Amino acid sequence: MAKPKIASDWMCGCAGCHMSLLDMDERILKVAELADLRATPITDLKEPDASGVDVGVLEGGINNTANEEVAHKMRARAKILVALGDCAVFGGVPAMRNFCGVEAALKRAYVEAESNEPGCEIPNDPELATMTQTRAIHEVVPVDYNVPGCPPDADVIFYVLAELAQGRKPELKDDLLHWH
Amino acid sequence: MKFHRSMVLVSMDADSLRKDAGAVYERFQQELSAFGLNDEIALSQIVEVGRHDILPMVIVYPEACAYGPVSSDDARRIVEEHLYKGRVVEDLLAPVKELSGRIGWLKSRKGAAPMEKRIVTRRAGRIDPENIEEYISEEGYQALAKALGTPAPQVMEELEKSGLQGRGGAGFPTGRKWRFVAGTKSPKKYVVCNADESEPGTFKDRVIIEGDPHSIIEAMAIAGYCVGADEGYIYVRGEYQLAQRRLERAIEQARAFGLLGKNIMDSGFNFNIHVHSGAGAYVCGEETALLESIEGKRGEPRARPPYPTTHGLWGKPTLVNNVETLANVPPIILNGAGWYRTFGTSSSTGTKAYTLLGNINFRGLIEVPMGITLREVIGIYGQGMKGGATFKLAQTGGSSGSIIPASLQDTPMDFESFRKAGVSLGSGALLVCDESTCVVDLAVALMKFFKFESCGKCTPCRVGTERALRILTGISQGKGKQADLDTLIALAAEMEFASNCGLGQTAAVPIRDTLKHFRAEVEAHILLGVCPSGVCEMSAELQTA
Amino acid sequence: MVQLTINGKQIEVPEGTTVLRAAAQAGITIPTLCDHKELTPYGGCRLCIVEVQGFRVPIASCTLPATQGMVVSTETEALKKSRKFVLSMLFSERNHFCPFCQVSGGDCELQNAAYHEEMTHWPMQPGWNNYPVDSTHPYFVLDNNRCILCRRCVRACGELAGNFTLSVAERGAASIIIADTNVPLGESTCIKCGTCVQVCPTGALIDRTSAYQGNEAQITPVKSVCVGCSVGCSVNLLVRDNRLVRIEGDWTGPVNHGLLCEHGRYDPMTESRQRITSPLVRKNGQLEPVSWDEALGAVADKLKPLAGDAHTGVAAIASTRLPVETLSMFKELFAGEFKAHIVTSTEEGMTTAAVFAVAERMGAFEGKLDVLRTADLTLCLGADIVNSHMVAGFLIKRALPKGMRLVSINPQAGVLEDLADLALVNQPGSDLSLVEGLKAIIVKEGLGRTPLALPNAARLIEEAVRATGIPLEKLTQAARMLAGAISPVILFGKGITAQRSEHLIESLHSLAILVGAVERERAGLISMKGEANSTAAALLGLDAPFVLNGQQAVFAAIGDDYVSGRLVKRLVKAPYLVVQAAYQSKLTEQADVVLPVSTWAEQEGHYINLDGRVQKAEKVLTGPEAVRDSTAVLGEIAMRMNMPVRADWQQAIRERKPSMALN
């Protein structure tokens with residue numbers, strides 16, 4: 001039987017969850033043994049196989065139209081979708097801008113910030129993705145497993161990947177369950 | 001008391017006063033003296049009893065002529081022509097159709113409503129509510145006298161046999177509630193009359209109090225005697241200024257007549273009543289929030305049990321009854337349970353007062369026996385749908401009431417039948433809607449109300465109303481998703497399951513009923529981006545998307 | 001007792017126990033957020049709802065009294081689902097994003113509840129509403145965005161502190177916690193006791209001093225005792241890396257039941273005095289750092305020749321904030337073989353001398369503060385308890401809405417005026433006449449609970465009116481209120497005790513018996529004392545007035561206490577001054593030798609509070625390197641002077657009859 005394929009990608013996050021993934025050290029070899037690591041920001045393949053993967057992992061929330069595309073594509077191509085980290089599960093730090101609104105946040109960053117030159121404008125290149133409210137992944141596409149944590153511990157990530165790779169359902173509770 | 005050959009009633013409610021009813025009343029006083037009619041003709045004030053466009057309104061008995069709108073010059077003509085010379089002033093009469101006003105008494109005289117039976121509103125509009133002598137002359141305080149001469153358990157037994165159920169909405173057997181309070185051992189107990197009447201569209205209690213305040217005082221005294229309380233509170237909705245004044249006046253008079261105070265009618269029974277004004281919060285109509293409010297605290301419902309019957313006002317056993325419930329008590333005591341059971345059905349006895357609202361031809365108060373159908377109410381009392389429109393739905397019992405689709409029109413309106421049909425009778429408001437009503441728009445309006453009125457104490461109601469409104473508003477703007485309906489159903493279920501009080505438990509009933517009976521219409525908003533009734537403004541941008 | 005069944009388990013609990021508590025007794029956990037064991041059940045969060053046989057809807061177990069034969073289920077599928085739903089509602093209602101919240105990771109009861117339900121996320125979209133943040137308060141921040149509206153803070157403010165500053169404004173989803181009539185917290189009537197912060201289950205009320213310095217999950221709290229005043233509140237000290245992170249009231253504390261005042265909770269956190277880190281000896285007019293050996297040598301050399309000189313030798317004074325171990329050693333050293341002329345405390349017996357002198361003859365007569373729990377009237381004489389002994393004040397203030405009446409008579413105008421049912425001002429020094437007058441009125445009117453012969457009542461009343469300047473009708477009103485109470489309590493403070501009149505104390509005692517404040521089973525007469533160890537100092541007899549009269553040297557053991565300007569003025573007159581202190585002060589600047597010692601948190605020690613509880617303060621911090629334990633320093637001086645001392649404080653405090661039962 002072929003090894004299950006795992007792909008991952010990141011959206012509106014800080015890459016910290018993928019750093020935490022690397023924190024599992026030599027155990028990543030075990031994961032590689034159990035599963036076929038396909039497109040990930042680590043392997044530098046750009047997108048999950050068109051033929052589909054078994055497990056898709058997404059880090060980060062969704063805060064623009066480009067992220068929406070990434071999420072939809074991963075959902076379409078992965079049998080099991082895992083939301084990794086607080087941004088993916090809840091919206092996380094980037095979601096704080098929802099309290100003031102996209103416009104105000106962009107204005108503060110590109111126009112009003114002390115370090116900006118006078119006359120700065122909010123970037124409006126039509127090539128740019130359109131900013132939206134920041135959302136957790138489950139608000140855009142159905143998610144099978146939410147793995148909270150900021151970032152989730154390497155132990156938690158290893159546990160989840162190892163269980164999924166072996167066709168079991170990971171259960172997060174007790175020491176494995178942390179939201180921060 | 002004096003007997004008068006005629007009686008003149010001048011409407012003196014807020015609307016009338018704004019239209020100079022005060023001057024009209026004064027002019028009547030002057031003219032009656034000028035014509036030397038003071039001893040023969042009684043002049044008194046009533047609440048507005050007709051349509052707003054014929055105010056100030058004047059009714060002359062025994063002819064039951066209704067004049068309106070009346071200016072102070074018209075007052076002179078009425079005195080001279082009608083009262084002095086005995087000729088009805090035809091050109092000042094309000095059109096006959098308009099007489100079928102808020103007080104259906106005028107209408108029923110014409111024999112148009114065979115089923116209508118008046119118990120709680122039998123005196124409203126017929127007697128001067130500010131004159132205790134008139135109340136007494138109409139069987140007033142006879143029930144109290146009879147009760148005081150009977151052992152309390154026997155009085156309560158009669159009440160229980162009558163089958164009277166609470167008219168505030170829940171329909172709890174009144175006699176049983178009285179016995180609960182009577183059974184508690186406490187040197188101090190209270191009787192509280194819930195006159196907050198905060199359900200939008202309900203004004204039956206207001207008409208009873210404004211028209212017949214002594215009936216409540218008498219009933220509370222009987223209740224006090226039965227349960228062993230010596231103090232009562234009437235919690236009146238803050239907006240009901242006139243009702244408060246009338247009650248205070250009536251209490252004063254009852255005290256002067258020895259019908260309240262110490263050793264009432266030489267029976268050794270003491271009873272006093274205070275009037276407490278609400279301040280506009282819907283939730284204070286919930287009995288435990290009402291008690292908190294009387295105690296001077298923030299109006300938040302308490303946790304139950306313990307119930308007010310054992311831990312009520314200031315922790316003492318307390319009997320809380322609705323105005324209409326209490327108004328039923330004196331006639332039951334006086335005429336017996338058997339008489340009362342001749343009205344209504346065997347499981348829901350007596351009459352029920354409804355306030356008719358919405359797209360029907362007659363809007364106002366009716367009192368009819370329990371068990372008549374919605375179709376009868378709309379057809380006979382409501383005089384049919386306005387402009388011959390098609391009936392779409394009715395909401396019973398104010399904002400938190402059930403949505404009743406056309407298919408349930410023939411369900412008898414009594415506690416048991418409604419319970420069986422999975423709807424509730426509620427407090428008595430009957431909102432009738434025709435096809436021009438959009439159910440999503442209706443749900444948004446109701447949820448706005450609940451979000452605003454939720455006290456915020458418990459999570460399911462506080463968050464649930466806010467969330468539901470957000471989702472419903474989205475749907476009405478064409479931004480809804482199919483998944484929103486599942487969320488709404490889940491919210492409604494949780495609110496009903498886990499809320500602390502009736503407000504939270506019933507706030508989602510309209511949502512639940514709407515999705516049960518009119519799901520297709522709601523889905524049209526979501527899936528097709530159209531409002532079938534053309535009421536909701538759908539966002540154009542999303543319609544095309 | 002009633003029997004009920006919870007999840008099939010038979011449980012017997014006393015009548016009136018709530019189902020939530022009954023379950024806890026049986027080891028069944030029912031999650032809750034708004035419930036707190038010191039607060040009246042509220043039933044708001046709806047997390048603790050249970051299904052009860054015979055009830056149509058589930059019921060909040062925190063407010064539900066257990067009744068005979070009740071059958072309760074707490075773990076049905078519907079309930080589990082509902083709990084998750086309620087938590088989802090709470091999380092999505094406001095800003096409950098964990099990663100940047102101070103209490104995340106252990107201190108947050110909301111987060112813990114979610115873990116308990118094994119929630120990996122909340123399925124609802126957050127509300128994104130903005131609510132006000134109030135950061136005007138010196139000690140804490142009120143962030144309504146983190147609030148779950150459980151009202152614990154509101155209830156604690158009213159029910160526990162009796163202050164009623166916090167309340168809820170608006171309704172429904174718009175509800176927010178406000179101070180007074182929605183004024184900034186820093187400008188409100190808040191008395192800064194911090195109880196609200198201690199009960200807040202989330203990060204809505206957070207402490208400034210401990211912000212982001214670690215939470216309870218990472219720091220084991222150590223039980224200790226507050227030394228701010230004589231009330232003796234039990235505290236939990238949270239220490240991390242040899243630094244005090246936070247002080248919390250200990251809910252199991254026998255006196256304070258979890259409460260603390262501003263001083264107890266925040267004074268040690270905002271300590272700004274300069275620490276003394278080396279022994280100092282004055283050389284050529286300048287204080288210079290020296291070794292301990294040199295400093296102790298200098299002290300021993302100076303003091304030893306003065307030993308036995310009971311007149312012009314040494315005057316020794318010790319702070320009543322020092323642990324009883326130090327005070328006892330201090331007494332042993334100077335009052336023993338050394339025979340110093342004066343051996344006393346910084347309070348000079350102002351709050352205790354007369355009371356203990358009376359106890360010497362009568363035995364213990366004072367009661368425990370617990371009597372306030374059942375009091376229906378409290379009379380405060382010569383004491384502004386609400387401000388001087390704040391936590392005792394809370395016990396009074398919170399009883400007022402429940403019907404306890406308060407009478408205050410004080411020479412100072414305005415004392416307790418806002419709170420008291422009757423506040424009278426008497427002429428200074430007229431207290432004896434006042435008390436005698438009150439007794440005379442009660443006797444004359446036949447209102448006494450016990451017989452008392454007062455043949456000259458009329459004259460006493462006349463005298464009281466004349467001396468106190470209080471009109472007869474007011475005095476009569478006070479007397480009638482006092483006599484009319486079923487279980488009155490009389491509290492008196494420094495205004496009374498500083499007069500050093502045994503007669504006055506005896507008179508008060510007989511008033512207390514007359515009105516039933518003191519009965520066989522009940523002792524409702526308590527003096528408020530002064531600092532943390534007033535009672536210990538009194539038991540050791542350290543209560544003489546301190547009057548310098550040609551003494552050649554003064555030894556002042558100050559510890560970490562504050563030194564009043566008045567005391568400094570008197571002490572610096574001494575030709576030679578040795579100060580044993582933790583912090584720099586005007587006194588240490590004038591000293592000839594300064595011996596740096598530990599603070600309260602740096603050494604273990606016992607304290608005896610105003611109602612006789614012997615309580616232990618733990619060593620939780622390590623002081624600067626050159627700082628020594630205050631008891632050990634005294635021991636070494638004794639050793640250097642070759643004067644052996646016993647170190648048995650427990651024996652030492654038994655040498656005098658206490659004015660109250662010790663426990």
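Remember, predicted model here, so these are calculated numbers, not experimental data. (Residues numbered from 1 in each chain as written. Chains lettered and ligands numbered in written order. Predicted model: local features only at pLDDT ≥ 70, side-chain atom pairs only at ≥ 80, totals over all residues.)

### Here's the deal with the overall build of chain C
Consideration 1: If you tally the helices and strands in chain C, you get 21 helices and 27 strands.
Consideration 2: Radius of gyration (C-alpha) of chain C: 28 Å, near the 26 Å computed for a compact globule of 663 residues.
Consideration 3: Within chain C, buried positions represent 55% of all 663 residues.
Consideration 4: If you take every contact in chain C between residues at least 6 apart in sequence, the share linking residues at least 24 apart comes to 70%. (Helix = DSSP H or I, 4+ residues; strand = E, 2+ residues; numbered from the N terminus. Rg over C-alpha atoms; globule rule 2.2 N^0.38 Å. Buried ≥ 20, exposed ≤ 12 C-beta atoms within 10 Å, placed from the backbone. Contact = placed C-beta atoms within 7 Å.)

### Considerations on the environment of C:Glu38
Residue and element names in this part refer to chain C.
Consideration 1: Within the secondary structure layout, Glu-38 lies in the loop between helix H1 (19–25) and strand E3 (49–52).
Consideration 2: Given 17 C-beta atoms within 10 Å, Glu-38 falls into the partly exposed group.
Consideration 3: In this structure, the C-alpha to C-alpha distance between Glu-38 and Gly-258, residues 220 residues apart in sequence, is 8.4 Å.
Consideration 4: Those residues in contact with Glu-38 that lie beyond four places of it in its chain are Leu-160, Trp-251, His-257 and Gly-258.

### Considering the packing of helix H18 (residues 482–498) of chain B against helix H2 (residues 77–93) of chain C
Consideration 1: Running from N to C, H18(B) and H2(C) cross one another at 110°; their axes reach a closest spacing of 11 Å. One element, H18(B), and the other, H2(C), form an angle in the roughly perpendicular class. In contact with B:Glu494, B:Phe497 and B:Ala498 of H18(B), H2(C) contributes C:Ser82, C:Phe85 and C:Val86.
Consideration 2: Of the residues contributing to the contact of H18(B) with H2(C), the split by class is four nonpolar, one polar and one charged. (Axes fitted to C-alpha atoms, helices over the stretch in contact; angles between N-to-C directions. Parallel < 35°, antiparallel > 145°, perpendicular 65-115°, else oblique. Nonpolar A, V, L, I, M, F, W, Y, C, P; charged D, E, K, R; others polar.)

### Comments concerning the confidence of the model for chain B
All names here are of chain B.
Consideration 1: Looking at chain B as a whole, the pLDDT averages 88, with 93% of positions reaching at least 70.
Consideration 2: A low-confidence stretch, residues 97–115 stays under pLDDT 50, and its non-local contacts, those more than four residues away or across chains, total 47 contacts.
Consideration 3: Confidence over residues 540–545 falls short of pLDDT 50; this stretch has six contacts with residues more than four positions distant or in other chains. (pLDDT = per-residue confidence, 0-100.)

### Focus: the sheet that holds strand E3 (residues 58–61) of chain B
All names here are of chain B.
Consideration 1: Pairing in this open sheet of four strands is mixed, and the strands run E2-E1-E3-E4 from one edge to the other. Where the open sheet ends on each side, the last strands, each with one partner, are strand E2 (41–46) and strand E4 (65–67). Between one strand axis and the next, the sheet turns through 20° on average, direction left out of account.
Consideration 2: With six bridges connecting them, strand E1 (residues 6–11) and E2 associate as parallel partners. (Pairing = 2+ DSSP bridges.)

### Focus: helix H14 (residues 374–381) of chain B
Residues and elements named next belong to chain B.
Consideration 1: Within H14 the residues assigned to the buried category are Leu-374, Val-377, Ile-378 and Tyr-381. The arc that holds the buried residues of H14, viewed along the axis, is 115°, so those residues lie on one side.
Consideration 2: Turning to H14, the residues buried within the fold contact strand E10 (351–358), strand E11 (364–369), strand E12 (391–396), strand E13 (403–405) and strand E14 (429–434).
Consideration 3: Two residues or fewer after H14 comes Gln-383, characterised by a positive phi angle close to 55°. (Arc of directions from axis to C-beta.)

### Let's talk about the interface of chain A and chain C
Consideration 1: Between chain A and chain C, the residue contacts involve 20 residues of the former and 17 residues of the latter.
Consideration 2: Put simply, the parts of the chain that give the side of chain A that touches chain C at least two residues each are helix H4 (86–89) and strand E7 (145–147) of chain A.
Consideration 3: Counted by class, the side of chain A that touches chain C contains eleven nonpolar, six polar and three charged residues.

### With respect to the interface of chain B and chain C
Consideration 1: The partner chain C presents 24 residues to the 23 residues of chain B that form the contact.
Consideration 2: Counting only elements with at least two residues in the side of chain B that touches chain C, the list comes to helix H16 (439–453), helix H17 (459–476) and H18 of chain B.
Consideration 3: Considering every element that reaches the side of chain B that touches chain C, the biggest residue donor is H17(B), with seven residues.
Consideration 4: Taken together, the residues of the side of chain B that touches chain C break down into ten nonpolar, seven polar and six charged.

### A look at the packing of helix H2 (residues 21–34) of chain B against helix H3 (residues 72–84) of chain B
All names here are of chain B.
Consideration 1: Relative to each other, H2 and H3 sit at 35°, their axes nearing to 8 Å. Considering how the two elements wind past one another, H2 and H3 form a crossing that is right-handed. Between H2 and H3, the residues in contact are Ala-23, Val-24, Arg-27, Phe-28, Glu-31 and Leu-32 and Ser-72, Ala-75, Arg-76 and Val-79, respectively.
Consideration 2: When the residues that make up the contact of H2 with H3 are grouped by side-chain class, the tally is six nonpolar, one polar and three charged. (Left-handed = near helix turned anticlockwise from the far one by under 90°.)

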